[in-house]
Structure formats: C-alpha cells, structure tokens
Amino acid sequence: MSLQCPRCHSERIVPREVGKRAGGVIGAAGGAATGAAGAVSGAQAGAVVGAVAGPVGVVLGGLAGALFGGLVGGAAGCVAGAKLGEVVDEKVLGNCECLECGCVFSNPSGQHQG
Ligand SMILES: [Zn+2]
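Residues numbered from 1 in each chain as written. Predicted model: local features only at pLDDT ≥ 70, side-chain atom pairs only at ≥ 80, totals over all residues. Heavy atoms only, no water.

### With respect to the pattern of salt bridges
A side chain with one charge can pair with a side chain of the opposite charge if their charged atoms come near. Worth spelling out the cut-off: Each reported salt bridge corresponds to a side-chain nitrogen of Lys or Arg within 4 Å of a carboxyl oxygen of Asp or Glu. We count a stretch as a helix when DSSP gives it H or I for four or more residues in a row; a strand needs E for two or more, and each element gets its number in order from the N terminus. Each residue gets one of three labels from its accessible area relative to the maximum for its type: buried under 20%, exposed over 50%, partly exposed in between, using a 1.4 Å probe on protein chains only.
For the structure on display, the rule yields 1 salt bridge. The partner of Glu-100 in a salt bridge is Arg-12, and the shortest N-O contact between them spans 2.9 Å. Of this pair, Glu-100 sits in the loop between strand 2 (96-98) and strand 3 (104-105) while Arg-12 sits in the segment before strand 1 (13-15); the two residues are 88 residues apart in sequence, bridging distant segments of the chain. Overall, Glu-100 belongs to the partly exposed group, its relative accessible area being 46%.

### Quick word on the confidence of the model for the protein
Quick reminder of the rule: What pLDDT conveys is the predictor's confidence in a given residue, as a value from 0 to 100. In what follows, residue pairs with any heavy atoms lying within 4.5 Å of each other are defined as contacts.
Looking at the protein as a whole, its pLDDT mean stands at 77, while 88% of the residues score no less than 70. Per-residue pLDDT, averaged within each element of the protein, yields its smallest value for helix 1 (residues 18-50) (75) and its largest for strand 2 (87). pLDDT under 50 marks residues 110-114. Its contacts with residues more than four places away, or in other chains, come to 4 contacts.

### Here's the deal with the sheet that holds strand 1
The following threshold applies: Two strands are counted as paired when DSSP detects at least two bridges linking them.
Strand order in the open sheet formed by 3 strands is 1-2-3, with antiparallel pairing between adjacent strands. Sheet topology places strand 1 and strand 3 at the edges, where each strand pairs with a single neighbour.

### With respect to the environment of Val-104
In this structure, Val-104 sits in strand 3. When its relative accessible area of 38% is taken as the criterion, Val-104 is described as partly exposed.

Below, the structure is given as structure tokens:
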C-alpha cells in the first residue's frame, strides 16, 4: 500500500517519529533517575556482597551495583518511553509528513507499514 498526502496527493511520504524519539529521551532520563535510586540500593547490595572479599570488595561491589542499577534503569526507561512515544505518534500526533508540501497528517488507523 502507498500513502498519499491528503493535501497534494503526493506519494512522497515519510514517517515522523517525533513522539518516539522524544519519548525515548524522556524515558531514558526518567529511567536514569529511577536507575539512580536503583543504583543506591544496588551499591548497597553490591557492598554487602563485596564485603565478603574485604574493603576492596566493598568498593568494587558497590560500583558494580551502582553501575548495574543505573544502566538497567536507564535502558528500561528508554524502551518504555519509546513505546509510549510510539503510541503518542499513532494516536495524538500526525505521524506522516509529505515531502512535497510539508503537510503533516496521521497515518490512517489500522494500517501498519512493513
Ligand atoms: Zn503534500
């Protein structure tokens, strides 16, 4: 199937993923914040585990725990944000753009590309 611009009927249409990109960034930021909280508990847990190996283990364990917590939180947030952005793209924003006239419009619902 090919999309057409509702204004000039050109078929030079590109999908816009504004919401998806923005959602990914916002989600990553939010996820990193959540991850930071997770990093603290991760660091504590890591320190407890690392304590078996002595002071060096506490430091290494804490670092590993903090890193892990932050990364997981950021990644999870990014994925969740991108998913949310996709929905926003679909339901709220016009998610197609005409290269001829610059018209932005919504992809007809129920039709999936690719
Ligand atoms: Zn157009």
